[in-house]
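So you can see what is in the structure, the chains are spelled out below.
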2 protein chains.
Amino acid sequence: MAAEEIITDKTVSLVHQRARNARGWIDARANQIRLELARCEEKPFDEVIKLFGDPHAFGQQPITSLRQLLSCLLCPHFVDDPNYPRDIKEKAQRILEAKPGFSIASYTEVSGLRIIREHVAQFISRRDGYEADIEDIYLTSGGAHGIQIGVGVFAANSLESKCKAGVMTPMPGFPLYQARCIEFDLYQIPYYLDEENDWALSISELRRALDEARPHCRPQGLVLINPGNPAGQVLTYDNIRDIIKFCAQEKLVLFADEVYQETMYREDVTFHSCRKVVKDLGPEYHKFQLMSINSVSKGFYGECCLRGAYIELVGFSDKVKQQMLNVNTANLSPSIIGQAALSAMCNPPQPGDESYETFLKEKRTVLDSYRRKAEIVVSMLRTLEGVVCNEISGSLYAFPSIKLPRKAVEAAKRNNCTPDEFYCWQMLEETGITPIPGTHFGQKEGTHHFRFTILPSEEKIALMFDRITKFHKEFMQKYRTEGEEKYERLNGTVV
Amino acid sequence: MAAEEIITDKTVSLVHQRARNARGWIDARANQIRLELARCEEKPFDEVIKLFGDPHAFGQQPITSLRQLLSCLLCPHFVDDPNYPRDIKEKAQRILEAKPGFSIASYTEVSGLRIIREHVAQFISRRDGYEADIEDIYLTSGGAHGIQIGVGVFAANSLESKCKAGVMTPMPGFPLYQARCIEFDLYQIPYYLDEENDWALSISELRRALDEARPHCRPQGLVLINPGNPAGQVLTYDNIRDIIKFCAQEKLVLFADEVYQETMYREDVTFHSCRKVVKDLGPEYHKFQLMSINSVSKGFYGECCLRGAYIELVGFSDKVKQQMLNVNTANLSPSIIGQAALSAMCNPPQPGDESYETFLKEKRTVLDSYRRKAEIVVSMLRTLEGVVCNEISGSLYAFPSIKLPRKAVEAAKRNNCTPDEFYCWQMLEETGITPIPGTHFGQKEGTHHFRFTILPSEEKIALMFDRITKFHKEFMQKYRTEGEEKYERLNGTVV
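How each quantity is defined
- Once a new chain begins, its residue numbering starts again from 1 and follows that chain's sequence as written.
- Labels follow written order: the first chain is A, the first ligand is 1, and so on.
- Two thresholds apply to this predicted model, a pLDDT of at least 70 for residue-level local features and 80 or more for giving and counting side-chain atom pairs, whereas whole-chain, interface and lining totals are computed over all residues.
- Helix and strand definitions follow DSSP, with helices as H or I runs of at least four residues and strands as E runs of at least two, each counted in order from the N terminus.
- By the criterion used throughout, residues are in contact when their C-beta atoms, derived from the backbone, lie within 7 Å.
- Side-chain classes follow a simple rule in which Ala, Val, Leu, Ile, Met, Phe, Trp, Tyr, Cys and Pro form the nonpolar group, Asp, Glu, Lys and Arg form the charged group, and the remainder, Gly included, forms the polar group.
- To superpose the copies, least squares is applied to the C-alpha atoms of every residue with a pLDDT of at least 70 in both.
- Comment: burial labels come from other C-beta atoms within 10 Å of the residue's own C-beta, placed from the backbone, where a count of 20 or more is buried, 12 or fewer is exposed, and between is partly exposed.
- Only strands that DSSP links by at least two bridges are regarded as paired with each other.
- Here the axes come from fitting lines to C-alpha atoms, over the contacting stretch only for helices, and the angles between their N-to-C directions go from 0 to 180 degrees.
- In this usage, the nonpolar core is the set of buried Ala, Val, Leu, Ile, Met, Phe, Trp, Tyr and Cys residues whose C-beta atoms join them within 7 Å.
- Small angles under 35 degrees read as roughly parallel and large ones over 145 as roughly antiparallel, with 65 to 115 read as roughly perpendicular and the rest as oblique.
- For a crossing to be left-handed, the near helix must be turned anticlockwise from the far one by less than a right angle; the clockwise case is right-handed.
- Start and end positions for the domains come from either an automated domain assignment or a database one.
- Per-residue confidence from the predictor is reported as pLDDT, a score between 0 and 100.
- To estimate the expected span of a helix, count its residues, drop one, and scale the result by 1.5 Å.

1. Structural notes on the overall build of chain A
For step 1, the next point in the chain: Tallying secondary structure elements over chain A gives 17 helices and 14 strands in all.
For step 2, the next point in the chain: Counting only C-alpha atoms and orienting by the principal axes, one finds that chain A spans roughly 75 × 75 × 60 Å.
For step 3, the next point in the chain: Long-range contacts, defined as pairs at least 24 residues apart, comprise 68% of the intrachain contacts of chain A with a sequence gap of at least 6.

Structure, rendered in structure tokens:
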């Protein structure tokens, strides 16, 4: 008797049937083109450039002290090497001493190694001026894992009620929130950022979104991404305070995605953690529930694939924290190398340390270049016909809008994709460069955007824009209709 | 207006409410005792010894070539260091060349870096004599993540049917399977291993378990752990073939947990991968669906906290594999250090390589000591009154049964725990040593067991058994009743 296929694409779980590839089909096509190039197929370009938030992929150099700490942990004989800075060796020694067997690879607690959670608590306390509790901190395998833990708490089956739990998510916003809402069968309540107003967040828009959603779900949480991904905005102190008050009033848990907290580019812009603002609100907000994530993947470290991050759980009872931890025990420990990278981030070299000068120089080099490139990218995007782009205040991205010719919209429809996907896909096929379509982040109906990153080097950005400008002109030329040309001339502006 | 608590232990999702700490409450108590020792509290011992399958925690030394590869990847200037073996430097170079930006920390494909999946495919092909396809291989953040991906496919909501999907799981068996069944709301179908018969698996027992479960669920999968955790058995070729035929006949997907495939201790025992046996069954089994996991955490590498593992998906359509990958995209990439550790395991030094001799010596040292310790542990356990222990054929564990006095069973009930939990907990409090209670793995009603590991050094095992023997005698003495003593004398054996 022949064995039969048991699991088919029709019989896998609903989660599997509904799941979308969080990186999208254009990314899959980009991977395919890479293989085609490797097989020496003829292309009008010789490399694929994915515009992910992946600093090292663009040649950003790692912070030496972080990498030295990790190699010391993996090969403890470096602890005796005179070429290694003393402060790094001492840090490695202290972490190894906290591990059974003096080996970095033995399991840690599910919430992460205690001494590293202490480093995180000290980092948060210094940042906010309010003591953090290490029992509130869980180390995670990257920020994505923190999102899973946090958003998972709202999972739809929380009450006997037939009504789904609802989570407010920003539009545009990082697509993993949508992916987790699908996974956990949550009702997604999109709220829109105000593009005309530098992607600000208005309380009236939050209220509109919530009021519209109430008949369909039980709203439970609000996701805030600050500094913004993909829109590059940074919220003011007053704005954050109003959002927190809104959450308290509407009985929503605040999930603060603050992974870009180290990268700000404007004189008039400062990062304020939601935690600090909650604490500033005083004892009345003692029970306010806030989850916040931070990661070593972004900022000037950019160590994406080491998977080091944390989630802090403010205002949660011990019992709920234990339940969240229990669910997470099935993952055993988060990667110790990710944990150790996070320790390097939260406990960096201090003045007087042997590795301090190098650390400071490397940090400044990265942040200064981000600042310059944030300006360059915006000004280059603005030279493209039909493209309108806000300043970048923080994070690593611009999110320009693009007005596409009617015939391009029709061509997209014929290709079963959205107009911005069509534009990004065509750019990939012609130039090898692949920005992320606005569709992935969510956008107001009838508008089209794409996300661009400031991460390539200045020289590379110039070269990329040579190719992009040429592509863009040809694309607009190809799809422009006579009527649109006339409209353009009449208005004296680009379409 | 004061902010209120939104998420309480009553309102978190059912998944959270039902979740059990996969490491158990005795482990939590062990962590607490560690803190008490650190605070210099008086105890009859000076260290806590958790009997986890965590080789490095017991002082097992890492395999040098693996750690050298990792440090070369993190600090690429080692590629020019004359002190590093050439084969390691070449391997590091090839991996770095496959990464955008030549940095190990840039993101990889969700399924893992292609060149490392090639190493895994070559490893599987060599092992089985049948070519493996890299598109069937997903790298995961540890074996636990592979279990999540695999067991997740059976998730209960797979059809409109109200009937839960069912998964057959071994008793005794690794507790993460139970944890994931709870998480995915699956119906767990326990089947029992035959302790009297060296923990063998009989098809008639599989059929009994399945027949009893059919009215309550739609059986979808069967989990097989070989070599066994916790019972240390190794299945014969014929036994595996019969299990595969059973799965084909009963339309079950086979999930093979083969993370202990490198550790076998008896002359007459060999590891046979389920994949090889399926392929041997010929073209009729072309559509047979098998998932198998392997990991760098166990075996002679023992790099638990680097979180490197893979799952291979045999017989699944491209569409289903894509759906499984889509769900997983929300995790972005698995840890690159785990991936690289797996590459070291699957692509080890070969004869002629500069690092080969050291590698071989280190590997043999570990495996030889495992073999000796597997014997020592069993013979020491057998000296304890009331303890009966099978030989260890493979993996890292013994799973002896223990006959506990009636008064101990009553004391357990008073403490709201099972008799084996009570015994292990008391051992922890008296000796600092904590075996894992049989309750965690599942056992036949009325029997009591605990899992012991062969991982401590030979000297340590001797010292531990001094303490355990003393504890055990006192425990049995304390809880023995007069009737039981008489029974013992009458039978001339221990109770």
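2. Focus on the interface of chain A and chain B
For step 1, the next point in the chain: Tallying the contact residues gives 88 residues for chain A and 89 residues for chain B.
For step 2, the next point in the chain: Sorting the residues of the side of chain A that touches chain B by element identifies helix 1 (14-18), helix 3 (64-74), helix 6 (143-152), helix 7 (175-183), helix 9 (237-250), helix 11 (318-328) and helix 12 (336-346) of chain A as the ones contributing at least two each.
For step 3, the next point in the chain: Of the residues forming the side of chain A that touches chain B, the biggest block, 6 residues, is contributed by helix 11 of chain A.
For step 4, the next point in the chain: A breakdown of the residues in the side of chain A that touches chain B according to their chemical character gives 42 nonpolar, 30 polar and 16 charged.

3. Some remarks on the relation of the copies chain A and chain B
For step 1, the next point in the chain: Rotating chain A by 180 degrees and moving it 0.0 Å along the rotation axis overlays it on chain B with an RMSD of 0.0 Å. Classification of the inter-copy transformation places it as that of a two-fold axis. It is S71 of chain A whose C-alpha, among those of chain A, lies nearest the rotation axis, at 2.5 Å.
For step 2, the next point in the chain: A high fraction, 100%, of the interface residues of chain A reappear at the interface in chain B, so the copies pair face to face through one surface.

4. Overview of the pairing of strand 14 (residues 450-453) of chain B
All names here are of chain B.
For step 1, the next point in the chain: Judged by which residues are buried, strand 14 turns out to be covered on both faces: F450 and F452 on one side and R451 and T453 on the other are all buried.
For step 2, the next point in the chain: As defined by bridge partners, strand 10 (residues 397-398) adjoins strand 14 across 2 bridges and the pair is classed as antiparallel. Residue pairing across strands places Y397 opposite T453, the latter belonging to strand 14.
For step 3, the next point in the chain: Where strand 13 (residues 436-437) and strand 14 come together, 2 bridges link them in antiparallel fashion. Bridging across to strand 14, P437 finds its partner in F450.

5. A few points about the sheet that holds strand 8 (residues 309-314) of chain A
Residue and element names in this part refer to chain A.
For step 1, the next point in the chain: What the 7 strands build is an open sheet, ordered 2-8-7-6-5-3-4; its pairing is mixed. With partners counted over all chains shown, the strands left at the sheet margins are strand 2 (137-140) and strand 4 (187-192), one partner each. Strand-to-strand twist in this sheet, taken as the mean axis angle between neighbours without regard to direction, amounts to 20 degrees.
For step 2, the next point in the chain: Where strand 2 and strand 8 come together, 4 bridges link them in antiparallel fashion. Opposite Y138, over in strand 8, you have I311 as the bridge partner.
For step 3, the next point in the chain: Running over the sheet, helix 8 (residues 203-213) touches strand 3 (164-171), strand 4 and strand 5 (217-225) and is turned about 150 degrees from strand 4.

6. Considering the sheet that holds strand 10 of chain B
For step 1, the next point in the chain: Read across the sheet, 3 strands follow the order 10-14-13 (chain B) without closing on themselves; strand pairing throughout is antiparallel. Only two strands of the sheet have a single neighbouring strand rather than two, namely strand 10 and strand 13 of chain B.

7. Considerations on unusual backbone geometry
For step 1, the next point in the chain: The residue after N226 of chain A, namely P227 of chain A, is reached through a cis peptide bond having omega -10 degrees.
For step 2, the next point in the chain: Relative to the helices and strands, P227 of chain A is located in the loop between strand 5 and helix 9.
For step 3, the next point in the chain: That bond from M171 of chain B to P172 of chain B is cis: its omega, -5 degrees, falls within 30 degrees of zero.
For step 4, the next point in the chain: Mapped onto the elements, P172 of chain B comes out in the loop between strand 3 (165-171) and helix 7 (175-183).
For step 5, the next point in the chain: For F102 of chain B, which is not glycine, the phi dihedral falls at a positive 55 degrees.
For step 6, the next point in the chain: Mapped onto the elements of the fold, F102 of chain B is located in the loop between helix 4 (86-97) and helix 5 (114-128).
For step 7, the next point in the chain: For F102 of chain B, a count of 14 C-beta atoms within 10 Å gives the class partly exposed.
For step 8, the next point in the chain: Here D185 of chain B, not a glycine, exhibits a phi torsion of approximately 55 degrees, which is positive.
For step 9, the next point in the chain: Here D185 of chain B is to be found in the loop between helix 7 and strand 4 (187-192).

8. Considerations on the pairing of strand 8 (residues 309-314) of chain B
All names here are of chain B.
For step 1, the next point in the chain: Of all 6 residues in strand 8, 6 are buried; the element is thus mostly enclosed.
For step 2, the next point in the chain: As defined by bridge partners, strand 7 (residues 290-295) adjoins strand 8 across 6 bridges and the pair is classed as antiparallel. Note that in strand 8 the partner of M291 across the bridge is L313.

9. A short note on the environment of H216 of chain B
All names here are of chain B.
For step 1, the next point in the chain: Looking at the element boundaries, H216 is found in the loop between helix 8 (203-213) and strand 5 (218-225).
For step 2, the next point in the chain: H216 sits in the exposed class, given 12 other C-beta atoms within 10 Å.
For step 3, the next point in the chain: The spatial distance from the C-alpha of H216 to the C-alpha of C163 is 7.1 Å, given a sequence separation of 53 residues.

10. Description of the nonpolar core
For step 1, the next point in the chain: In this structure, L254 of chain A together with L254 of chain B are the most contacted members of the largest nonpolar core, which totals 305 residues.
For step 2, the next point in the chain: Other than its neighbours up to four places away in sequence, L254 of chain B contacts L222, L224, I244, C247, C274 and L290 of chain B.

11. Brief notes about the packing of helix 3 of chain A against helix 12 of chain A
All names here are of chain A.
For step 1, the next point in the chain: Across the interface, helix 3 lies against helix 12 with an axial gap of 9 Å and an inter-helix angle of 140 degrees. Of the possible angle classes, the one that applies to helix 3 and helix 12 is oblique. Here the hand of the crossing between helix 3 and helix 12 comes out right-handed. For the pair helix 3 and helix 12, the contacting residues are S65, L66, L69, L70 and L73 in the first and I337, A340, A341 and A344 in the second.
For step 2, the next point in the chain: For the contact of helix 3 with helix 12, a count of residues per class yields 8 nonpolar, 1 polar and no charged.

12. Describing the domain arrangement of chain A
All names here are of chain A.
For step 1, the next point in the chain: According to the domain assignment, chain A contains domain 1 (14-43 + 362-491) and domain 2 (100-346).
For step 2, the next point in the chain: Computed over C-alpha atoms, the centres of domain 1 and domain 2 are 28 Å apart.
For step 3, the next point in the chain: At the interface, 29 residues of domain 1 touch 28 residues of domain 2.
For step 4, the next point in the chain: The set of elements that each furnish at least two residues to the side of domain 1 that touches domain 2 consists of helix 1, helix 13 (356-382) and strand 10 (397-398).

13. Let's talk about the environment of A309 of chain B
All names here are of chain B.
For step 1, the next point in the chain: Here A309 shows up in strand 8.
For step 2, the next point in the chain: For the pair formed by A309 and R208, sequence separation is 101 residues and the distance between their alpha carbons is 33 Å.
For step 3, the next point in the chain: With residues up to four places along the chain from it excluded, the contact list for A309 reads T140, G142, G143, H145, G146, I293, N294, S295, V296, S297 and L342.

14. Some words on the environment of L73 of chain A
Residues and elements named next belong to chain A.
For step 1, the next point in the chain: Looking at where L73 falls in the secondary structure, it is placed in helix 3.
For step 2, the next point in the chain: In sequence terms L73 and S103 are 30 residues apart; their C-alpha atoms lie 7.9 Å from each other.
For step 3, the next point in the chain: Apart from residues lying up to four places away in sequence, L73 is in contact with A92, I95, L96, I104 and A340.

15. Focus on the confidence of the model for chain A
Residue and element names in this part refer to chain A.
For step 1, the next point in the chain: Predicted confidence across chain A gives a mean pLDDT of 93, with 96% of residues reaching 70 or more.
For step 2, the next point in the chain: Taken together, the stretch residues 488-495 has pLDDT below 50 and engages in 9 contacts with residues farther than four places along the chain or on a different chain.
For step 3, the next point in the chain: Across the whole predicted complex the pTM is 0.95, and at the interface the ipTM reaches 0.94.

16. With respect to helix 13 (residues 356-382) of chain B
Turn by turn, an α-helix covers 3.6 residues, leaving residues three or four places apart pointing in a common direction.
Residue and element names in this part refer to chain B.
For step 1, the next point in the chain: Counted at 1.5 Å a residue, the expected span for helix 13 with its 27 residues is 39 Å, and the 39 Å between its end C-alpha atoms agrees.
For step 2, the next point in the chain: Here helix 13 has its buried residues at F359, V366, Y370, K373, A374, V377 and L381.
For step 3, the next point in the chain: Buried residues along helix 13 sit against helix 3 (64-74), strand 9 (387-388), strand 10, strand 14 and helix 16 (458-479).

17. As for the packing of helix 14 (residues 406-414) of chain B against helix 15 (residues 419-431) of chain B
All names here are of chain B.
For step 1, the next point in the chain: Where helix 14 contacts helix 15, the axes come no closer than 8 Å and their chain directions differ by 90 degrees. Classified by the angle between their axes, helix 14 and helix 15 sit roughly perpendicular to one another. Of the residues in helix 15, those in contact with A408, V409, A411 and A412 of helix 14 are P419, E421, F422 and Y423.
For step 2, the next point in the chain: Residues of the contact of helix 14 with helix 15, tallied by class, amount to 7 nonpolar, no polar and 1 charged.

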